[in-house]
Amino acid sequence: MQLPEYELTYLKGVGPQRARLLAEELNITTRQQLLYYFPYKYIDRSRIYKIDELTADMPYIQVIGSVVSFQEAGQGRSKRLTATFSDGTGTLELVWFKGTKFITERYKLGEKYLVFGKPAVYGQQLTIAHPEMDLATDQNLRRLIQGQQAFYLTSEKMKNAGLTTYMMHKVMFTLFSTLTTRLPETLPNYLIERLHLMSLDESLRQVHFPTSAALLQNARYRLKLEELLYLQLHIVRYTHNRNKHLKGFAFERIGDMFNTFYKTCLPFELTGAQKRVLKEIRNNVAGEVQMNRLVQGDVGSGKTLVALMSMLMAIDNGFQACMMAPTEILASQHFENLRRMLAPLPVKVALLTGSTKKKERDVLHAGLRDGSVHILVGTHALIEDEVQFKNLGLAVIDEQHRFGVAQRSKLWHKNVLPPHILVMTATPIPRTLAMTLYGDLDVSVIDELPPGRKPIQTLHRYDNRLAQLYEFMHGQLAEGRQIYVVYPLIEESEKSDYKNLIEGFDHMKKVFPEVEVGMVHGKMKPAEKDAEMQRFVTGQTRLLVSTTVIEVGVDVPNASMMVIQNAERFGLSQLHQLRGRVGRGADQSYCVLLTPFNLSQDGRKRIDIMTSTNDGFEISEADLKLRGPGDIEGLQQSGMPMDLHIADITRDGQLVEYTRRLAIEILEKDPQLESPENSLLRRELTQKYAHKINWGVIS
Ligand code: ADP
Ligand code: MG
């Protein structure tokens, strides 16, 4: 679609200063971009009220009348200007706390105005503070009383310069009145007809100036569908091209290591889901295309084992493997686990972290280069350039959301062909969403927990009644169990949080003298933290006071209880991750959420969700609903260029799914979009996505 791209400066009501603000604050420099700056909400303005109908609990309303008089009132900070406004049925007070000089100059006594705002009551008086006020001319009424009025997000800076939502609305109106022709269509006719879509021209007009709720809904649907369709076309085509071009190592055989491990070392039967995912991985690495696969599995679903067995596939085919974890604690735990489980096999496992000594490091580097080290476990220290492998065939990344795409891509350079990549994450997001967020990854899901686990019991308790809880904890400790006590440590309130943590530690030592109490937090030196953690893993300390540093991955099956202090301050997925640290053994496990008596509505909802389900998928869906768009972990790092103005992949899940199928269908018939009927798709797709950074290609 091509519009004349005048500078917005020349659009009536904008001018140089506001044009600059639009560019700086919203990245909008052209009329075309302005058209796509969509409202974030709508308020019904179809009705004009009478003043005697108004009550303070009404949302935004509008009345027509005139100013009877202006009065100044108050002193200093409470200084204000009020106007008595009448429409014949009653009077209303309008109030301004700033810009008062401008108001008295601008609005004339006796003229008819349309006043729009939210009514409130002060004393006995019905008032509207800072109302929108327009002369009740025919033209203004036509513009303003159309139905749903759009509201636009504007920054503080914009508001200060007069670019309020109200002004944006006016600017939009001017913009549309300068358009002399219909906006050219951006979807092919056959789709418009088949899917019964509104035209682009009408959709854009409706979305800014809706004439009815139903038409607005159709308009939004069309615009969302279009955005998501182009995104999915991009992803599907990209994945297809990647698979065609990205050569990888073929792991042709399943060999001795894998078989011996499976038959003799495995302490338990694999779950059905683990088997299925292993098969998916096996099929993927057997071909000559590089694997880029995301394994999603709730906490405790046994991802580590899947990773381990995949690494054995690499070793059986003469390759090395590495496994990268986000923290030192986790890396050393993986290292210990792998070493223990692989002890009967001639597989050499090594550990590399930031605190590995220079001398050890040199030995390790040599071992990696000559191939005598088969598996390297580590933190991101292992992506550094000096770490060179003889023949790296598979790289596993645990807990993906802690790593950026750029880091992932660095692994690709560790061999002549890029090694297969297996990314593991416990963030349980719906599959379609995962396929979109991590559009360059194939997705496998471990949707089954190992058998015999008793579901964790989650309880909510108020933190002013602790005696009973402590008694219960004494009992658990007496049975030989271990307990986590988690405190929030949040950057903004770090000082007082830190104080609480230390006080909590001292308190726990007093209350539980029968056991050794340990403490870990992010401020400790890695070596110290590791040592402390190790003491808990071996059971030397039985109660561990900690911050969320234990959130990710740590596995101590004997720890059967977790107490979370100020649970209302944690996000849902964080609580779920934390809780996943218990319930890993055969014993009944407990998670106690402590909160103060006074809880915000959101806080209470989170606690309710946590006590009612253990299902990570359910929790993440609830989380998406509570937190709203654009806030999901990993979104920023997902690496998929996503230029969405109106669709929200977290909320428009069904449409994401639908457009995915549509994109696949279109590209199956016409992979390069060469047919005349698809020429529009091809052109728009190129325009939208050609300039986007494409990590897969540059890495
Ligand atoms: P996560 O998916 O959270 O990384 P882990 O890989 O740490 O989970 O596994 C959690 C626990 O479950 C570990 O103690 C592991 O040994 C155990 N486990 C894994 N697979 C099975 C299985 N098939 N049967 C029984 N226990 C299993
Ligand atoms: Mg794990």
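Residues numbered from 1 in each chain as written. Chains lettered and ligands numbered in written order. Predicted model: local features only at pLDDT ≥ 70, side-chain atom pairs only at ≥ 80, totals over all residues. Heavy atoms only, no water.

## A closer look at the sheet that holds strand β16 (residues 442-446)
- Taken in spatial order, the 7 strands line up as β12-β13-β11-β14-β15-β10-β16 in an open sheet, and their pairing is parallel. The outermost strands of the open sheet, each flanked by one partner alone, are β12 (349-352) and β16. Sheet twist, expressed as the average angle between the axes of neighbouring strands with direction ignored, equals 20°.
- When strand β11 (residues 320-324) meets strand β13 (residues 375-378), the two strands line up parallel, connected through 4 bridges. The residue of β13 that forms the bridge with M324 is G378. (Pairing = 2+ DSSP bridges. Helix = DSSP H or I, 4+ residues; strand = E, 2+ residues; numbered from the N terminus. Axes fitted to C-alpha atoms, helices over the stretch in contact; angles between N-to-C directions.)

## Comments concerning the environment of Q388
- Position of Q388 among the secondary structure elements: in the loop between β13 and β14 (392-398).
- Residue classification places Q388 among the partly exposed positions, given a relative accessible area of 43%.
- Once the C-alpha coordinates of Q388 and H365 are considered, the two residues, 23 residues apart in sequence, prove to be 7.0 Å apart.
- Residues contacting Q388, with those up to four places away along its chain left out, are H365, L368 and R369. (Buried < 20%, exposed > 50% of the residue type's maximum accessible area, 1.4 Å probe, protein only. Contact = heavy atoms within 4.5 Å.)

## Comments concerning the sheet that holds strand β17 (residues 457-462)
- Strand order in this open sheet of 6 strands is β17-β22-β21-β18-β20-β19, and the pairing throughout is parallel. Both outer strands of the open sheet, β17 and β19 (517-520), are each paired with one neighbouring strand and no more. Direction aside, neighbouring strands of the sheet carry axes that sit 20° apart on average.
- When β17 meets strand β22 (residues 590-595), the two strands line up parallel, connected through 6 bridges. Paired with L459 across the two strands is V592, which belongs to β22.
- Its contacts with the sheet place helix α21 (residues 601-612) against β17 and β22, and it is angled at close to 145° to β17.

## Digging into the nonpolar core
- Of all hydrophobic cores here, the largest spans 55 residues; its most connected members are L233, L376 and L411.
- Considering each element in turn, this core owes the most residues, 8 residues, to helix α9 (residues 213-245).
- Counting 42 residues, the second largest nonpolar core, distinct from the first, contains F258, M309, A314 and I315. (Core = buried A, V, L, I, M, F, W, Y, C linked by side-chain atoms within 4.5 Å.)

## Concerning the site of ligand 1
- Around ligand 1 there are 17 residues in total, and Q274, G300, K303, T304 and R453 lie nearest to it.
- The contact in question runs from an oxygen atom of ligand 1 to an N or O atom on the side chain of R453, over 2.6 Å.
- Its free accessible area being 560 Å², ligand 1 has 86% of it covered by the protein chains.
- Element by element, the count of residues in the shell around ligand 1 is highest for helix α12 (residues 303-316), at 3 residues.
- Of the residues contributing to the shell around ligand 1, the split by class is 5 nonpolar, 6 polar and 6 charged. (Near = heavy atom within 4 Å. Polar contact = N/O pair within 3.5 Å; in protein donor to acceptor, adjacent residues only side chain to side chain. Areas by Shrake-Rupley, 256 points an atom, 1.4 Å probe, with all protein chains shown as cover. Nonpolar A, V, L, I, M, F, W, Y, C, P; charged D, E, K, R; others polar.)

## Things to note about the packing of aromatic side chains
- All chains considered together, the criterion is met by 15 aromatic pairs.
- Note on Y36 and F38: the rings are 5.7 Å apart at their centroids and 55° apart in plane angle, and the pair reads as tilted.
- The buried category is assigned to F38, whose relative accessible area is 9%.
- Taking 6.5 Å as the distance between ring centres and 50° as the angle between the ring planes, the aromatic pair formed by F70 and W96 counts as tilted. Residue F70 is located in strand β2 (residues 61-73), and its partner W96 is located in strand β4 (residues 91-96); the two are separated by 26 residues in the primary sequence.
- Here F70 falls in the partly exposed class, since its relative accessible area comes to 24%.
- Taking relative accessible area as the criterion, W96 reaches 3% and is therefore assigned buried.
- For K41, the ring lying beneath its charged end belongs to F151, and the centroid distance is 5.0 Å. (Phe/Tyr/Trp six-rings, centres within 6.5 Å; stacked < 30°, edge-to-face > 60°. Lys NZ or Arg CZ within 6 Å of the ring centre and 35° of its normal.)

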